[in-house]
Amino acid sequence: MAEAQLWPLLDDPAAGVVRETAAALLPSAKELPADWLLERTRTDRPRHVRVGAFRLLDARGGTVALRAAVGLLEDPDMKLRTWAAQSVQRWHPSPDGRRGDAEVGELLDQSRHLFSDHVLRRRKWEAGVDS
């Protein structure tokens, strides 16, 4: 897989290299290792690395995207926090995702401040995690 050769560039010190690498990897975002990308969203990583990793995780969708977005709601960078909040608000369970995943319920509860009660109940219902 040629994409695997690009993965180390997501840790490059140059923001432009990370941005272009993330763009090149977008079509294969679902094949990238989720845990490896999630590790790059930690606050001890440079902002551009967090942004590149989140871009790929967000494109991936599903529970992994929600996990990454909720994790970034406390990011020190306001733009990244805002993008993460918007991603959580846009999130819907994947049609091929596992219904009734308790982690999804917990993640939605952690981000309840972003939803009205009605919308939160609706998202949980869609994911099969009625409360």
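## Quick notes on the overall build of the protein
For the protein, the helix and strand inventory stands at seven helices and zero strands. The N-to-C order of helical and strand elements in the protein reads α-α-α-α-α-α-α. Taken against the 2.2 N^0.38 rule, which gives 14 Å for 131 residues, the C-alpha radius of gyration of the protein at 15 Å falls within 12% of a compact globule. Structurally, the protein occupies a C-alpha span of about 45 × 30 × 20 Å along its principal axes.

## Side note on the packing of aromatic side chains
Inspection of every chain in the model, using the stated rule, returns two aromatic pairs. For the ring pair W7 and W36, a centre distance of 5.8 Å and an interplane angle of 35° mean the geometry is tilted. Pair noted here: W7 is in the segment before α1 (15-25) and W36 is in helix α2 (residues 34-39), with a separation of 29 residues, a long-range link. Each ring, one from F54 and one from W83, has its centre 4.7 Å from the other, and the planes form 70°; the classification is edge-to-face. With F54 in helix α3 (residues 47-60) and W83 in helix α5 (residues 78-90), this pair connects stretches of sequence that are 29 residues apart.

## Here's the deal with the environment of L57
Secondary-structure assignment places L57 in helix α3. Residues contacting L57, with those up to four places away along its chain left out, are A34, L37, L38, T41, V64, A65 and A68.

## A short note on the nonpolar core
With 35 residues, the main nonpolar core has L10, L37, F54, L56, L66, V88 and L108 as its most contacted residues. Of all the secondary-structure elements, those providing two or more residues to this core are α1, α2, α3, α4 (62-71), α5 and α6 (102-110). Sequence-distant contacts of L56, that is, excluding residues within four places in its chain, are made with L10, A22, L25, L26, A29, L32 and L37.

## Remarks on the pattern of salt bridges
Counted by the stated rule, this structure contains 14 salt bridges. The residue D11 makes a salt bridge to R45 at a minimum N-O spacing of 3.3 Å. A residue pair is termed long-range when its members are at least 10 positions apart, and D11 in the segment before α1 and R45 in the loop between α2 and α3 qualify at 34 residues. Across the pair D109 and R112 runs a salt bridge whose closest N-O atoms are separated by 3.0 Å. Residue D109 is classed as partly exposed on the basis of its relative accessible area, which comes to 31%. Where salt bridges share partners, they join D11, E39, R40 and R45 into one cluster.

## Points about α6
Those residues of α6 that fall on the buried side of the exposure criterion are V104, G105, L107 and L108. For α6, the arc enclosing every buried residue in end-on projection is 165°, short of the 170-degree limit, so these residues lie on one face. Buried residues along α6 sit in contact with α4 and α7 (117-126). Two or three places before E103, at the opening of α6, D101 has a side-chain oxygen 2.9 Å from that residue's backbone nitrogen.

## Looking at the side chain of T21
Structurally, T21 can be placed in helix α1. For T21, a relative accessible area of 6% translates into the label buried. Apart from residues no more than four positions distant in its own chain, T21 is found in contact with L6, L9 and L10.

Definitions and cut-offs
- Residues numbered from 1 in each chain as written.
- Predicted model: local features only at pLDDT ≥ 70, side-chain atom pairs only at ≥ 80, totals over all residues.
- Heavy atoms only, no water.
- Helix = DSSP H or I, 4+ residues; strand = E, 2+ residues; numbered from the N terminus.
- Rg over C-alpha atoms; globule rule 2.2 N^0.38 Å.
- Phe/Tyr/Trp six-rings, centres within 6.5 Å; stacked < 30°, edge-to-face > 60°.
- Contact = heavy atoms within 4.5 Å.
- Core = buried A, V, L, I, M, F, W, Y, C linked by side-chain atoms within 4.5 Å.
- Buried < 20%, exposed > 50% of the residue type's maximum accessible area, 1.4 Å probe, protein only.
- Salt bridge = Lys/Arg side-chain N within 4 Å of Asp/Glu carboxyl O.
- Arc of directions from axis to C-beta.
- Polar contact = N/O pair within 3.5 Å; in protein donor to acceptor, adjacent residues only side chain to side chain.

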